[in-house]
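# Structural overview for review
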Amino acid sequence: MDRAEMSIDGEQCGADSAFDVINPATGETFAQAPECSAAQLQRAIAAADRAQRAWKRDLNARRTAMRNAAELLQARAEEIGRTLTLEQGKPIAHAIGEVAGAANQLRAAADMPIPHEVTHDDARGRIEVTYRPYGVVAAITPWNYPVLIAMSKIAPALLAGNAMVLKPSPYTPLSTLQIGEVLSQALPAGVLNVVSGGNELGAQLTAHPDIKKISFTGSVATGRRVAAAAGEDLKRVTLELGGNDPAIVLDDADPATLGGSLFWSAFMNSGQICTAVKRVYAPASMLAALTEAVATVAKSAKVGDGLDPDTMLGPINNAMQLERVCELVADARQRGAVIHAGGERMPRKGYFFEPTVLSGVGDDVRIVAEEQFGPVLPLLPYDDLEDAIERANGTHFGLGSSVWSASSERAREVAIEIDAGTVWVNQHLALTPKAPFGGAKCSGIGEAGGRWGLESFMQKHVINERRA
Ligand code: NAD
């Protein structure tokens, strides 16, 4: 890409200063993104506020504009997918799929019904519940799935009649800026503004009094800061935060056939998924066979530059995250970990780390207790299933989880004991508009997905009439 520009009030614009964007496959700067000034942010929020007043009035016009925007985005999927691979590192087919998936999400959202209920209606009175937009929404996104996560906010927020100011991660601003440019061609000026900058820009956005709702996806630590900023004006807030998803394998599962499923549930996107499997609990008698099965897949996975069509796993997105993964693996080694696959940073330029499978560590070791967010998976033995469930529940996270068993009944019995937003059975990572997606405990507040995601961008409004 030659130029990345912000979208503010329907115009494409640069800024007085810019920051570097690094290709994680080389560790080198390949582009720059505008550093949004305080005045430009103010202009974006004012434009959104102005545009929202007309946008909220015509649902059919919103549906049409969103459908048109989806077509434009679909047509640019390859180009934006390439940008996404360059700045994020993921395999090109996944990147193009992410953009195409976002276009589908926008198209599907355009057809969603807006909730409206009459909960009581007789001679004595009538109670009507309608759902209204909040106004200007601030959306803040992380670097692992920048396009899909942005769209999971844009589509429902805009359908609901809100306008938006969106700020992507400084590690992956370019694909989101391109989305802003494409969507601006189909949306009225100011309805969607995309600004780029560092963490400070996010803080300015969340503190602004004209923002009525914040939709944030990122780490627990930043989520706390966002919640504190929202507290000042009691802004509505949805927080989609980190996870440390446990997978519990029951003794009736077949370790040989689980190797591939568990590996990809943990290592997709090089482990940089909030709901990736981040620790596995298996019966002690099965642990060796299961570890071997997962390690075999790990050794065969082709790691490389995402632009190479044969690549299955790309690099870690940024130097800080690579350093963290190196540190967690070094700590695990020191605490007695047995490495079954990988274990090292790869001797090439870029932020590559070998897909790593390890055992021999307890629940208190950092690689198990913390969110690694990288291509490393610890497997732990259990003797007693009750104990395994307690250990699985033993962190402050509660995003996803899974149970693997030949018996749905047994899996369900375990599933109901797990304190998480989602428990998958014999799968992991399966997101669908047919279910709300959100975290228990420190993994978040509120939900995305389907009608639940749409309702999170709407204020309920009740008219309660007495007739007799
Ligand atoms: P991060 O919290 O460092 O940054 C996320 C975004 O917040 C970035 O755009 C950043 O610039 C911005 N930001 C930073 N400080 C801010 C502040 N004080 N106020 C407002 N905005 C601020 O997270 P990350 O490293 O980009 O992403 C990785 C984390 O995101 C992991 O913990 C992962 O589990 C989580 N995540 C969660 C979900 C989910 O749906 N639950 C999805 C993807 C990622």
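Just so you know, these numbers come straight off a predicted model, no measurement behind them. (Residues numbered from 1 in each chain as written. Predicted model: local features only at pLDDT ≥ 70, side-chain atom pairs only at ≥ 80, totals over all residues. Heavy atoms only, no water.)

Each helix and strand counted, the chain has 15 helices and 22 strands in total. Relative to the 2.2 N^0.38 estimate, which gives 23 Å for 468 residues, the radius of gyration of the chain is 23 Å and therefore close to what a compact globule would have. Structurally, the chain occupies a C-alpha span of about 65 × 60 × 40 Å along its principal axes. Long-range contacts, defined as pairs at least 24 residues apart, comprise 72% of the intrachain contacts of the chain with a sequence gap of at least 6. For the chain, the computed accessible surface area is about 18900 Å², with 51% contributed by carbon and sulfur atoms. (Helix = DSSP H or I, 4+ residues; strand = E, 2+ residues; numbered from the N terminus. Rg over C-alpha atoms; globule rule 2.2 N^0.38 Å. Contact = heavy atoms within 4.5 Å. Areas by Shrake-Rupley, 256 points an atom, 1.4 Å probe, with all protein chains shown as cover.)

Take the pattern of salt bridges next. Using the criterion set out here, one finds 24 salt bridges in the structure. Ionic pairing is found between Glu327 and Arg366, a salt bridge with its closest N-O pair at 3.1 Å. Of the two residues, Glu327 is situated in helix H11 (residues 319-334) and Arg366 in helix H12 (residues 366-369); the sequence distance between them amounts to 39 residues. Overall, Glu327 belongs to the partly exposed group, its relative accessible area being 40%. In this structure, Arg391 and Asp387 form a salt bridge, with 3.8 Å as the shortest nitrogen-oxygen distance. Residue Arg391 and its partner Asp387 are both found in helix H13 (residues 385-392); the two are separated by 4 residues, about one turn of the helix. A relative accessible area of 34% places Asp387 in the partly exposed class. (Salt bridge = Lys/Arg side-chain N within 4 Å of Asp/Glu carboxyl O. Buried < 20%, exposed > 50% of the residue type's maximum accessible area, 1.4 Å probe, protein only.)

Attention shifts here to the packing of helix H4 (residues 92-110) against helix H5 (residues 146-159). Closest axis-to-axis distance for the H4/H5 pair is 9 Å, and the angle between their directions is 10°. One finds that H4 runs roughly parallel with respect to H5. Along its contact with H4, which presents Glu98, Val99, Gly101, Ala102, Gln105, Leu106, Ala109 and Ala110, the element H5 presents Pro146, Val147, Leu148, Met151, Ser152, Ala155 and Leu159. Its residues assigned to classes, the contact of H4 with H5 shows 11 nonpolar, 3 polar and 1 charged. (Axes fitted to C-alpha atoms, helices over the stretch in contact; angles between N-to-C directions. Parallel < 35°, antiparallel > 145°, perpendicular 65-115°, else oblique. Nonpolar A, V, L, I, M, F, W, Y, C, P; charged D, E, K, R; others polar.)

Domain assignment breaks the chain into domain 1 (2-241 + 442-465) and domain 2 (245-432). With centres defined by C-alpha atoms, the gap from domain 1 to domain 2 works out at 31 Å. Domain 1 puts 26 residues into the contact, and the matching count from domain 2 is 27 residues. Carbon and sulfur atoms supply 58% of the area buried between domain 1 and domain 2, which totals about 2200 Å² over both sides. When the buried area of domain 1 at its contact with domain 2 is split by residue, Ala25, Trp143 and Ser443 rank highest and sum to 24% of it. Applying the counting rule to domain 1 against domain 2 returns 1 salt bridge. In this structure, the salt-bridge partner of Glu28 is Lys349, at a minimum N-O distance of 3.7 Å. Taken together, the links from domain 1 to domain 2 amount to 10 residue pairs in polar contact (both at pLDDT 80 or more). Breaking the side of domain 1 that touches domain 2 down by element, the ones donating at least two residues are helix H3 (77-88), H4 and helix H8 (220-233). Broken down by element, the side of domain 1 that touches domain 2 gets its largest block of residues, 5 residues, from H3. A class-by-class count of the residues in the side of domain 1 that touches domain 2 yields 12 nonpolar, 9 polar and 5 charged. (Domains from an automatic or database assignment. Buried area = accessible area lost by both parts, 1.4 Å probe. Polar contact = N/O pair within 3.5 Å; in protein donor to acceptor, adjacent residues only side chain to side chain.)

Turning our attention to the packing of helix H9 (residues 255-267) against helix H10 (residues 284-300). Direction vectors running N to C along H9 and H10 enclose 50°, while the axes themselves pass 8 Å from each other. It follows from the interaxial angle that H9 and H10 lie oblique. Of the two elements, H9 crosses H10, and the hand of that crossing is right-handed. Side by side, H9 and H10 meet where Pro255, Ala256, Leu258, Gly259, Gly260, Leu262, Phe263 and Trp264 of the first sit next to Met286, Ala289, Leu290, Ala293, Val294, Val297 and Ala298 of the second. When the residues that make up the contact of H9 with H10 are grouped by side-chain class, the tally is 13 nonpolar, 2 polar and no charged. (Left-handed = near helix turned anticlockwise from the far one by under 90°.)

What follows covers H3. Its 12 residues give H3 an end-to-end C-alpha distance of 15 Å, which sits within 8% of 16 Å, the value for a rise of 1.5 Å per residue. Counted residue by residue, H3 has 9 buried out of 12 residues, so it is predominantly covered. If you check which residues of H3 are buried, you get Ala77, Ile80, Gly81, Thr83, Leu84, Thr85, Leu86, Glu87 and Gln88. On its buried face, H3 is in contact with strand E3 (17-23), strand E4 (28-35), helix H2 (59-75), H4, H5 and helix H6 (174-184). Note on H3: the residue one or two positions beyond its end, Gly89, has a positive phi of about 105°. (Expected span 1.5 Å × (residues − 1).)

What follows concerns helix H1 (residues 38-55). Taking 1.5 Å as the rise per residue, H1 with 18 residues should run 26 Å; its terminal C-alpha atoms sit 25 Å apart, in good agreement. Burial in H1 covers these residues: Gln40, Leu41, Ala44, Ile45, Ala47, Ala48, Ala51, Gln52 and Trp55. Across the axial projection of H1, the buried residues extend over an arc of 165°, all falling on one side. Facing away from the buried side of H1 by over 90 degrees, the exposed positions are Ala38, Ala39 and Ala54. (Arc of directions from axis to C-beta.)

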